Amino acid sequence: MNTVMTWSVLLGTSVLCYAIKLVGYLVPARWLANERLQRINSLIPVVLLSALVVAQALAMKTHIVLDHRMAGVAAAFAALMARAPFPVVVISAAVTSALVYRWH
Amino acid sequence: MPHVSRRTFRDSLSVALTVGAYGVAFGAAGVAAGFSVLQTSLFSLLAFTGASQFAAVGVVAAGGAGLSAVVAASLLSTRNALYSLQMAPHLQVTGWRRLVAAQITIDESTNVALAQASHGPEAIRHGFWLTGSGVFLFWNIFTVLGALGAKSLGNPAAWGLDAAVPAAFLGLLWPRLRDARVRIIAGVAAVFALVMTPLLPSGTPIIATVIVAVIAGWRE
């Protein structure tokens, strides 16, 4: 990882995310009113967030690795099942993962 | 801002504070992924859309290419275009106000604003501006704190930061999983991403799951 890459990611993400926010203020309402487009759009966060959970918990580049991260996510899952608030979910994941990491 | 109702003010501020506080998690995630404190802070200032910011640094942390990070983050923010479409008729903004409104058009500002609908068009506008600028303020302050904190901690894995990010994604996903059909779609996407991990370049399996959303959303 290098500085050029991190700056490119930062600026590329910022420009595109801003442009996307601006779209709705610039185009006529009917352009994005298509029902199919709205249905697909509402599912995009669902599939991306699921994929991100999997990638972050189990992937190391192009390998599947079962390690402390998965223990942390399992703790988060348990916390969510117990209806814990968001900060408790994140903290229990971090604590569990850190403990498994240190004892390995 | 004249005559802001106490209710709108309270709704906006409570959302701004609680959501803004999660900026600590992003600040830590950014530094853990290898971004500098300055870059991590600029991320919140310029990109300012939480889940996408996490996605961008998350893909980089997982060893993905820069382009994959940018594409994943942008795809995750496409819902903001629909939010701005919803807000445009309520705000009726032009010129520089429109440019500012666009930057703070996110989940929270849109949802708080539209929740004020029963209190009239003024309340919708107040809810949007107060929540949007409030989240912006607190999100940025807490990002800097989180980034500085993570930098002083050192090895992110020793503090569980590498597990905190997927846990945060799971927390963001959770409320959407009440619907049985959405749960199945989320499960298919997770399995798809897992199967594709050894087959595709790092970072791209995440983007590839959009195909699952397209197929599932094509028909009612």
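Residues numbered from 1 in each chain as written. Chains lettered and ligands numbered in written order. Predicted model: local features only at pLDDT ≥ 70, side-chain atom pairs only at ≥ 80, totals over all residues. Heavy atoms only, no water.

1. Concerning the overall build of chain A
Point 1. Helix and strand counts for chain A stand at four helices and two strands.
Point 2. Ordered by position from N to C terminus, the α and β elements of chain A give α-α-β-β-α-α.
Point 3. Its C-alpha atoms give chain A a radius of gyration of 19 Å, more than 25% over the compact-globule value 13 Å for 104 residues.
Point 4. Along the first, second and third principal axes, the C-alpha set of chain A runs to 55 × 40 × 25 Å. (Helix = DSSP H or I, 4+ residues; strand = E, 2+ residues; numbered from the N terminus. Rg over C-alpha atoms; globule rule 2.2 N^0.38 Å.)

2. Things to note about the domain arrangement of chain B
All names here are of chain B.
Point 1. Structurally, chain B comprises domain 1 (6-176) and domain 2 (179-220).
Point 2. The C-alpha-based centres of domain 1 and domain 2 are spaced at 23 Å.
Point 3. On the side of domain 2, eight residues touch domain 1, which itself brings 10 residues to the contact.
Point 4. Carbon and sulfur atoms supply 71% of the area that domain 1 and domain 2 bury against each other, a total of about 600 Å² over both sides.
Point 5. Looking at the side of domain 1 facing domain 2, the largest losses of area belong to Ser68, Leu75 and Arg176, adding up to 50% of the total buried there.
Point 6. Applying the counting rule to domain 1 against domain 2 returns two residue pairs in polar contact (both at pLDDT 80 or more).
Point 7. In terms of residue count, helix α5 (residues 66-76) provides more of the side of domain 1 that touches domain 2 than any other element does, four residues in total.
Point 8. In the side of domain 1 that touches domain 2, the residues fall into six nonpolar, three polar and one charged. (Domains from an automatic or database assignment. Contact = heavy atoms within 4.5 Å. Buried area = accessible area lost by both parts, 1.4 Å probe. Polar contact = N/O pair within 3.5 Å; in protein donor to acceptor, adjacent residues only side chain to side chain. Nonpolar A, V, L, I, M, F, W, Y, C, P; charged D, E, K, R; others polar.)

3. Notes on empty space enclosed by the protein
Point 1. Considering all chains together, one arrives at one cavity of 30 Å³ or more under this definition.
Point 2. Reported here for the largest cavity is a volume of approximately 100 Å³.
Point 3. Lining the largest cavity are 13 residues; nearest its centre among them are A:Ala55, A:Ala59, B:Gly203, B:Pro205 and B:Ile206.
Point 4. Counting residues per element, the ones that place at least two in the lining of the largest cavity are α2 (35-58) of chain A together with α12 (204-208) of chain B.
Point 5. Broken down by element, the residue count for the lining of the largest cavity peaks at three residues, all from α2(A).
Point 6. Of the residues belonging to the lining of the largest cavity, the class tally is nine nonpolar, three polar and one charged. (1 Å grid on protein atoms, 1.4 Å probe; cavity = no way out; pocket = protein on both sides within 12 Å on 5 of 7 lines; lining within 4 Å. Points joined across faces, edges and corners; volume = space filled by probe spheres on them.)

4. Here's the deal with the interface of chain B and chain A
Point 1. In this complex, chain B contributes 93 residues to the contact, which on the side of chain A involves 71 residues.
Point 2. Here chain B meets chain A over a buried area of about 7,000 Å², counting both sides, of which 75% is carbon and sulfur.
Point 3. On the chain B side of the contact with chain A, B:Gln39, B:Leu85 and B:Trp174 bury the most area, a combined 8% of that side's loss.
Point 4. For the interface between chain B and chain A, the tally reads zero salt bridges.
Point 5. There are 19 residue pairs in polar contact (both at pLDDT 80 or more) connecting chain B and chain A.
Point 6. Class assignment of the residues belonging to the side of chain B that touches chain A gives a composition of 65 nonpolar, 22 polar and six charged. (Salt bridge = Lys/Arg side-chain N within 4 Å of Asp/Glu carboxyl O.)

5. What to know about the environment of A:Leu99
Point 1. Of note, A:Leu99 is situated in helix α4 (residues 86-102).
Point 2. When the C-alpha atoms of A:Leu99 and A:Ile40 are compared, they prove to be 40 Å apart, with 59 residues separating the residues in sequence.

6. Here we look at a nonpolar patch on the surface
Point 1. On the surface, A:Ile91, A:Val95, A:Leu99 and A:Trp103 cluster together to form a nonpolar patch covering roughly 460 Å² of accessible area.
Point 2. Here A:Ile91 is to be found in helix α4. (Patch = residues over 30% accessible without salt bridge, like charges linked within 9 Å, V, L, I, M, F, W, Y side chains within 5 Å. Areas by Shrake-Rupley, 256 points an atom, 1.4 Å probe, with all protein chains shown as cover.)

7. Let's talk about the layout of surface pockets
Point 1. The volume enclosed by the largest pocket comes to roughly 860 Å³.
Point 2. Forming the boundary of the largest pocket are 31 residues, of which A:Phe86, B:Gly171, B:Leu172, B:Trp174 and B:Pro175 lie nearest the centre.
Point 3. Put simply, the parts of the chain that give the lining of the largest pocket at least two residues each are α2 and α3 (68-81) of chain A together with α4 (50-61), α6 (79-91), α8 (107-115), α9 (121-153) and α10 (161-173) of chain B.
Point 4. Each pocket or cavity is described by its volume, and for the second largest pocket that value is around 420 Å³.

8. Quick look at unusual backbone geometry
Residue and element names in this part refer to chain B.
Point 1. One non-glycine residue with positive phi stands out, namely Phe48, at about 40°.
Point 2. Assignment of secondary structure puts Phe48 in the loop between α3 (37-46) and α4.
Point 3. A residue is classified by how much of its surface remains accessible, and Phe48, at 2% relative accessible area, is buried.
Point 4. Even without glycine at this site, Gln92 takes up a positive phi of about 50°.
Point 5. As for its placement among the helices and strands, Gln92 is situated in the loop between α6 and α7 (95-103). (Buried < 20%, exposed > 50% of the residue type's maximum accessible area, 1.4 Å probe, protein only.)

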